[in-house]
Amino acid sequence: MKTAEIKLTVELDEANNPDNILWESTDSGNADKVPAKAMFLSVWDHNYKNTLKIDLWTKDMPVDEMKRFFYETLQTMGDSFLKATNETLIVEDLRDYCAHFAEKMGIVEGQ
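Residues numbered from 1 in each chain as written. Predicted model: local features only at pLDDT ≥ 70, side-chain atom pairs only at ≥ 80, totals over all residues. Heavy atoms only, no water.

Looking at an unreviewed UniProt entry, one finds the protein chain named Gliding motility protein GldC and attributed to Pedobacter psychrotolerans.

What follows is the structure, encoded as structure tokens:
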């Protein structure tokens, strides 16, 4: 069986707020640590039937990029939910909400 590893490194300031977020993966084909401004990590705990979450962003994450990050995350959650459940009707509703979110946030598709 193949094993892959994803490693996250979070550099904190004196108040324990993220200054830098770096990630690397054994399968990425890149040996370097890659910087990121934000991350959402969700893990399903089968035993407790709940989600364990880590949501981090650096203090210099621009607000316009955070809006797009949320928008793209919502869109890809729809993709994942459709792939996992084949629930097309609710995913269409989520897509409608994503369009509404993009409009309200001033996000232009493709930028």
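Let us now look at the packing of aromatic side chains. Taken as a whole and assessed by the stated rule, the structure comprises three aromatic pairs. Between Phe40 and Phe69, the aromatic rings sit 4.5 Å apart at their centres with planes inclined by 35 degrees, giving tilted as the arrangement. Here Phe69 lies in helix α1 (residues 63-85) and Phe40 lies in strand β4 (residues 38-45), a separation of 29 residues in the sequence. Ring geometry for Phe40 against Phe70: centres 5.1 Å apart, planes inclined by 75 degrees, an arrangement best described as edge-to-face. Remark: Phe70 occurs in helix α1 and Phe40 occurs in strand β4; sequence separation between them is 30 residues. Among the aromatic residues, those joined into a cluster by ring pairs are Phe40, Phe69 and Phe70. (Phe/Tyr/Trp six-rings, centres within 6.5 Å; stacked < 30°, edge-to-face > 60°. Helix = DSSP H or I, 4+ residues; strand = E, 2+ residues; numbered from the N terminus.)

Time to look at the domain arrangement of the protein chain. With domains assigned, the protein chain is organised as domain 1 (1-59) and domain 2 (61-110). The C-alpha centroid of domain 2 is placed 21 Å from the C-alpha centroid of domain 1. Residue-level contacts link seven residues of domain 1 with five residues of domain 2. In this assembly, domain 1 packs against domain 2 so that about 520 Å² is buried in total across both faces, 82% of it on carbon and sulfur atoms. For domain 1, the biggest contributors to the area lost against domain 2 are Lys37, Ala38 and Phe40; these three give 72% of the whole. Taken together, domain 1 and domain 2 are joined by zero salt bridges. Counting across the interface, domain 1 meets domain 2 through one residue pair in polar contact (both at pLDDT 80 or more). The leading source of residues in the side of domain 1 that touches domain 2 is β4, at three residues. (Domains from an automatic or database assignment. Contact = heavy atoms within 4.5 Å. Buried area = accessible area lost by both parts, 1.4 Å probe. Salt bridge = Lys/Arg side-chain N within 4 Å of Asp/Glu carboxyl O. Polar contact = N/O pair within 3.5 Å; in protein donor to acceptor, adjacent residues only side chain to side chain.)

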